[in-house]
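Coordinate inspection notes
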Amino acid sequence: METAQISTGAQTGTSNFLDVYRQIGDIAIAVGTACKGLARRTTIDRARAAYRAAGFAPAPVGCGNGKVATASTYRGIRETCPPTCPIYDACYASEGNVNLHQMRAGGDAIGSLAAFGVAIALHVAGHVDAVRLHTSGDFGSGDDTSVPDPVYVDGLIAIAARVWEGSGTVAWTYTHLPPSIHRDIMIARLLTVGVEVLI
């Protein structure tokens, strides 16, 4: 079992990633279940508060608008996108409100997973069918943005597996990671828990 130094908002220390993933999933399911029948905004506010109370600092999460009627998460583009992306220097996420969100999000995998948990709470509550992962950003990490961040990908798989019902889509996103065996394995692994990655 892999252990590492992680930071989850107020809590910093050596922890097992599986415990962190389990905690993020538990909060999403508990809040989503408690918020069935409540307003979308109430669910997202309660989920954010629950993660903060547990010491997590979720990256920004949108609860949907007229254009995208689903919850969506954000990741920092410079911290997570490969420089080989065809729109790296002219990304839409470099402007407007999306730019503000992606700059606040940064590349922290645990903060991104907590944001996914907030979005999953909306899914569990019945507000959205599938959530949109990283409206900005990608699967990379600050160490090497051209390969998937294993902490982030493993966390997505662990959390999605908790709520996936064996068919359909829990979440979806795009990637501009360059073709590689790492990218292809990541896409296949995510698909086994209802997370669809479009190229």
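1. Observations concerning the confidence of the model for the protein
For the protein, per-residue confidence averages 88 on the pLDDT scale, and residues scoring 70 or more make up 90% of the total. The model gives residues 1–14 a pLDDT under 50, and that stretch makes 32 contacts with residues more than four places away or in other chains.

2. Describing the packing of helix H1 (residues 17–34) against helix H6 (residues 150–163)
Where H1 contacts H6, the axes come no closer than 9 Å and their chain directions differ by 40°. Considering the angle they form, H1 stands oblique to H6. Of the two elements, H1 crosses H6, and the hand of that crossing is right-handed. Contact residues: H1 offers Phe 17, Tyr 21, Arg 22, Ile 24, Gly 25, Asp 26 and Ile 29, while H6 offers Pro 150, Val 151, Asp 154, Gly 155, Ala 158, Ile 159, Arg 162 and Val 163. The residue inventory of the contact of H1 with H6, partitioned by class, reads nine nonpolar, two polar and four charged.

3. Looking at the nonpolar core
What tends to happen in soluble globular proteins is that the nonpolar side chains get buried as a cluster. Counting residues in hydrophobic clusters, the biggest one holds 53 residues, and the most contacted among them are Phe 56, Phe 116, Ile 120 and Phe 139. Mapped by element, the contributors of at least two residues to this core are H1, helix H2 (40–53), helix H5 (109–124), H6, helix H7 (181–191) and strand S7 (195–198). The element best represented in this core is H5, accounting for 12 residues. Leave out the neighbours within four places in its chain, and Ile 120 touches Ala 28, Val 131, Ile 159, Val 163 and Val 170. Counting six residues, the second largest nonpolar core, distinct from the first, contains Ile 77, Cys 81, Cys 85 and Cys 91.

About the cut-offs
Residues numbered from 1 in each chain as written. Predicted model: local features only at pLDDT ≥ 70, side-chain atom pairs only at ≥ 80, totals over all residues. Heavy atoms only, no water. pLDDT = per-residue confidence, 0-100. Contact = heavy atoms within 4.5 Å. Axes fitted to C-alpha atoms, helices over the stretch in contact; angles between N-to-C directions. Helix = DSSP H or I, 4+ residues; strand = E, 2+ residues; numbered from the N terminus. Parallel < 35°, antiparallel > 145°, perpendicular 65-115°, else oblique. Left-handed = near helix turned anticlockwise from the far one by under 90°. Nonpolar A, V, L, I, M, F, W, Y, C, P; charged D, E, K, R; others polar. Core = buried A, V, L, I, M, F, W, Y, C linked by side-chain atoms within 4.5 Å. Buried < 20%, exposed > 50% of the residue type's maximum accessible area, 1.4 Å probe, protein only.

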